[in-house]
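Here is how the chains run, residue by residue.
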Amino acid sequence: MPQPITLSQPKTDLQTVETRSGLPTHRHRPQSRFVYVVYPKSWEYDEDNGFLPVMRRLTAKPGANGVDGRGNLTKAVAAATQKGGTYIDPKDTRLGPYADYVGYYETDTGGKWYVDFCSKATVLGSGEIIWNTKEAAPEFAAFRKHLAASGIVPALIPEVYQWLLQREENNAQQLHIRAGDSPAVMAQYEKQAAKVQSMIDEWERINGAKAKTKSAKTPRRKTAENILEG
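All values reported here derive from a predicted model rather than from experimental measurement. (Residues numbered from 1 in each chain as written. Predicted model: local features only at pLDDT ≥ 70, side-chain atom pairs only at ≥ 80, totals over all residues. Heavy atoms only, no water.)

Visitor: What is the right way to look at the packing of aromatic side chains in this model?
Guide: What characterises a pair of aromatic rings is the spacing of the ring centres plus the angle enclosed by the ring planes. According to the stated counting rule, one finds 14 aromatic pairs in the structure shown. Relative to Tyr114, the ring of Tyr104 has its centre 5.9 Å away and its plane inclined at 55°; by these criteria the two rings are tilted. With Tyr104 in strand β6 (residues 102-106) and Tyr114 in strand β7 (residues 112-116), this residue pair connects regions lying 10 residues apart in the sequence. Three or more aromatic residues joined by ring pairs make a cluster, and in this case those are Phe34, Tyr36, Tyr98, Tyr101, Phe117, Phe140 and Phe143. (Phe/Tyr/Trp six-rings, centres within 6.5 Å; stacked < 30°, edge-to-face > 60°. Helix = DSSP H or I, 4+ residues; strand = E, 2+ residues; numbered from the N terminus.)

Okay, structure coming up:
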């Protein structure tokens, strides 16, 4: 008859848990490779940096904008330039420190997640990705400013400036109409009116006294008298 035995020393189980590095893809779709173009009317005014070109991405997503199955952007770039866009070639020597402005992070599946040169990501334990949007904004603004200063992007022309100015003046007019007795909306109006004046001052600074802007008058603060006056 078999005798009972006592087991007193369990062997160590060397368990391993698979760990992954890189940006997680189970909750997010990686960004494809891209380049930038700037169209003639793609400008905006930034009160800290002046007039800046607005950059549009051409993404190497097969099937979109003539991009082939290999992600070739040649046709997409050609189509953009035919529409008046300026292609920001990552290899343009005038880019200086911004050459090869597209970078990437590896993903947890071994792929690539393409980002701007100044993008940083924090990955939470849940797999959520938090991007450093606020911290990256000044660096990206400096990049945009360099594009204009270096001549890579054609200069802002008077006609586009007037179009931008009119748009901002219209915004100011609408806020003024809505202001009534609302201190909050009036504060928005005053901020917008200051932006309009800042745009005019910056344009004249860049172009000299001969470039005096023909601007609509900034609406006066609403009172019973000027409402009756129209």
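Visitor: Explain the side chain of Glu168 to me, please; I cannot follow it from the model alone.
Guide: Within the secondary structure, Glu168 is located in helix α3 (residues 158-179). Judged by its relative accessible area of 11%, Glu168 is buried. (Buried < 20%, exposed > 50% of the residue type's maximum accessible area, 1.4 Å probe, protein only.)

Visitor: Sorry if this is basic, but what is going on with the pattern of salt bridges here?
Guide: Side chains carrying opposite charge are able to pair once their charged atoms draw close together. Tallying each qualifying case throughout the model produces six salt bridges. In this structure, Asp100 and Lys91 form a salt bridge, with 2.8 Å as the shortest nitrogen-oxygen distance. According to the relative accessible area criterion, Lys91 is exposed, its value standing at 61%. A salt bridge links Arg205 to Glu202; the shortest N-O distance between them is 2.8 Å. A residue pair is termed a helical-turn pair when its members lie 3 or 4 positions apart in one helix, as Arg205 and Glu202 do in helix α4 (residues 183-207) at three residues. (Salt bridge = Lys/Arg side-chain N within 4 Å of Asp/Glu carboxyl O.)

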